[in-house]
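A look at the structure
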Amino acid sequence: MNQPNPVLSARQLTRRFRNTTTVNNVSFDIHPGQIVALVGPNGAGKTTTVKMCSTLLAPTSGTITVCGIDATQRRRQARQHISIILGGETGFYQHASVKDNLLFFADVAGVPSRSRRSRVKDALAQVRLTDRMFDPVGELSRGMKQRLHIARGLLSRPQVLLFDEPTNGLDPEISVEIRALIRELATDGAGVLLTSHLLTEVAELSDTIHVLIDGRIIVTGGVADIAERAGITAVTSFTTPLGTEPRLREFLATLTRYDSIAHVTCVRMAAHHAGLISWCGAPTDVSALADAVGLTVTDVMTRKPNLEESYLALVGQS
Ligand SMILES: Nc1ncnc2c1ncn2[C@@H]1O[C@H](COP(=O)(O)OP(=O)(O)OP(=O)(O)O)[C@@H](O)[C@H]1O
């Protein structure tokens, strides 16, 4: 089956600020229904990339095509198909109602006056805020305000949705709600680009992950691709009882001899020590290795590396 045309296509995007190249030759596509994530350390160029995709910031070179429109040449036309969802406590008239705020922003977004009411109604239904439409925005909870930001972004019926840290500062239960909403919007056909420092969020939501370091995409794919690029084959977790520190230290020291081990971490928990071994070769029997130094390890489990473990290994190497 042929894949549909991308709703956004970035090609060799580069952005320089004075003498610094913040985004360097970045290319990617977003297809309808696809959630694409940009992850990377602070200052890697994620927000700059999102801003260029939103047309808020012009690239120094490279192109962005949105629904077949060259967004660098025909910014206004391209913008009709994109929404950037910023979130936060501000951005609305706090004393005006939810509905009046959205009617105003529908006008700003260029929605024809005859369609405004139905667009507001539909956007409120999509984010499940219909029952709060007559309330002042200032009376909404943090999570409702976040949903209102998303409703505002939906007024123009965009095919591309850009989220920069969509759950930043939100309670865990509100974050779950926002993630479910982002997934629904993609299922309904929008192409989504998101940035997030929450790697569990990225792993849960994204179809494709781009790891950006120093302005360059260094790996693209899923968790397994990132683990492979980082050279991490598996992870073994284990616990040891408190009071075993000398033996545990001895054990960890012996592990540095093994070429198949990339990294060892051990933290003191309330009732035990929790250890984690990242393998870069074939995993070995950790219980046997521990036995050899007279240490008893329990809860030994070897599994595939998760996004956080793979990413940290990758970023640590760069
Ligand atoms: N308008 C600007 N003028 C000068 N430098 C800028 C400008 N905007 C961004 N930068 C610089 O570009 C670099 C990348 O910033 P950007 O916000 O894109 O990174 P990021 O990956 O989103 O980081 P974070 O995870 O901290 O949000 C930073 O060093 C930043 O200071």
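Within an unreviewed UniProt entry, the label attached to the chain reads ABC transporter, ATP-binding protein, and the organism entered is Corynebacterium matruchotii ATCC 14266. Quoted verbatim from the Sequence similarities (unreviewed entry) field of UniProt, the annotation for the chain is "Belongs to the ABC transporter superfamily." In its Subcellular location (unreviewed entry) section, UniProt records this for the chain: "Cell membrane".

What follows covers the packing of aromatic side chains. Summed over all chains, the structure comprises 5 aromatic pairs. Plain terms: the ring middles of Tyr93 and Phe105 are 6.5 Å apart, the flat faces sit at 20° to each other, and that makes the pair stacked. Residue Tyr93 is located in the loop between strand 6 (82–85) and helix 3 (98–108), and its partner Phe105 is located in helix 3; the two are separated by 12 residues in the primary sequence. Taking relative accessible area as the criterion, Tyr93 reaches 48% and is therefore assigned partly exposed. Of the residues examined, Phe105 reaches a relative accessible area of 9% and is grouped as buried. A connected cluster of aromatic rings, assembled from ring pairs, spans Phe92, Tyr93, Phe104 and Phe105. If you follow Arg152 out to its NZ or CZ, it ends over the ring of Phe105, 3.6 Å from the centre.

Sheet architecture is open: 6 strands sit in the order 6-7-8-3-9-10, paired in mixed fashion. In this open sheet, the two strands that pair with only one neighbour each are strand 6 and strand 10 (216–221). Strand-to-strand twist in this sheet, taken as the mean axis angle between neighbours without regard to direction, amounts to 20°. Where strand 6 and strand 7 (residues 160–164) come together, 4 bridges link them in parallel fashion. Directly across from Ile82, in strand 7, lies its bridge partner Val160. Its contacts with the sheet put helix 8 (residues 223–230) on strand 9 (208–213) and strand 10, and the angle it makes with strand 10 is roughly 125°.

It is worth spelling out the sheet that holds strand 4 (residues 61–66) at this point. In a beta sheet, neighbouring strands pair by backbone hydrogen bonds and run either parallel or antiparallel. In spatial order, the strands read 2-1-4-5; together these 4 strands make up an open sheet with antiparallel pairing. With one partner strand each, in any of the chains shown, strand 2 (20–30) and strand 5 (69–70) form the two edges of the open sheet. With 5 bridges connecting them, strand 1 (residues 8–17) and strand 4 associate as antiparallel partners. Bridged to Thr14 within strand 4 is Ser61.

Let's shift gears to helix 9 (residues 245–255). The α-helix winds at 3.6 residues per turn, so residues separated by three or four positions along the chain end up facing the same way. When we look at burial in helix 9, the residues that qualify are Leu248, Phe251, Thr254 and Leu255. Seen end-on, helix 9 carries its buried residues on one side only, within an arc spanning 120°. In helix 9, the exposed positions angled more than 90 degrees off the buried face are occupied by Pro246 and Arg249. Those residues of helix 9 that are buried lie in contact with strand 11 (234–241), strand 12 (261–268), strand 13 (272–279) and helix 10 (286–291).

Right, let's get into the side chain of Arg179. Mapped onto the elements, Arg179 comes out in helix 6 (residues 172–187). Leave out the neighbours within four places in its chain, and Arg179 touches Thr167, Glu201, Glu204 and Leu205.

Around the ligand sit Phe17, Arg18, Thr22, Pro41, Asn42, Gly43, Ala44, Gly45, Lys46, Thr47, Thr48 and His197, and that is every residue in its neighbourhood. Within the backbone of Gly43, a nitrogen or oxygen atom sits 2.8 Å from an oxygen atom of the ligand. Protein chains bury 57% of the 640 Å² of accessible surface belonging to the ligand in isolation. In terms of residues, the shell around the ligand owes the most to one element, helix 1 (residues 46–53), which gives 3 residues. Here the residues of the shell around the ligand are counted per class, giving 3 nonpolar, 7 polar and 2 charged.

Conventions and cut-offs
Residues numbered from 1 in each chain as written. Predicted model: local features only at pLDDT ≥ 70, side-chain atom pairs only at ≥ 80, totals over all residues. Heavy atoms only, no water. UniProt positions renumbered as here; feature names shortened; annotations may be inferred. Phe/Tyr/Trp six-rings, centres within 6.5 Å; stacked < 30°, edge-to-face > 60°. Helix = DSSP H or I, 4+ residues; strand = E, 2+ residues; numbered from the N terminus. Buried < 20%, exposed > 50% of the residue type's maximum accessible area, 1.4 Å probe, protein only. Lys NZ or Arg CZ within 6 Å of the ring centre and 35° of its normal. Pairing = 2+ DSSP bridges. Axes fitted to C-alpha atoms, helices over the stretch in contact; angles between N-to-C directions. Contact = heavy atoms within 4.5 Å. Arc of directions from axis to C-beta. Near = heavy atom within 4 Å. Polar contact = N/O pair within 3.5 Å; in protein donor to acceptor, adjacent residues only side chain to side chain. Areas by Shrake-Rupley, 256 points an atom, 1.4 Å probe, with all protein chains shown as cover. Nonpolar A, V, L, I, M, F, W, Y, C, P; charged D, E, K, R; others polar.

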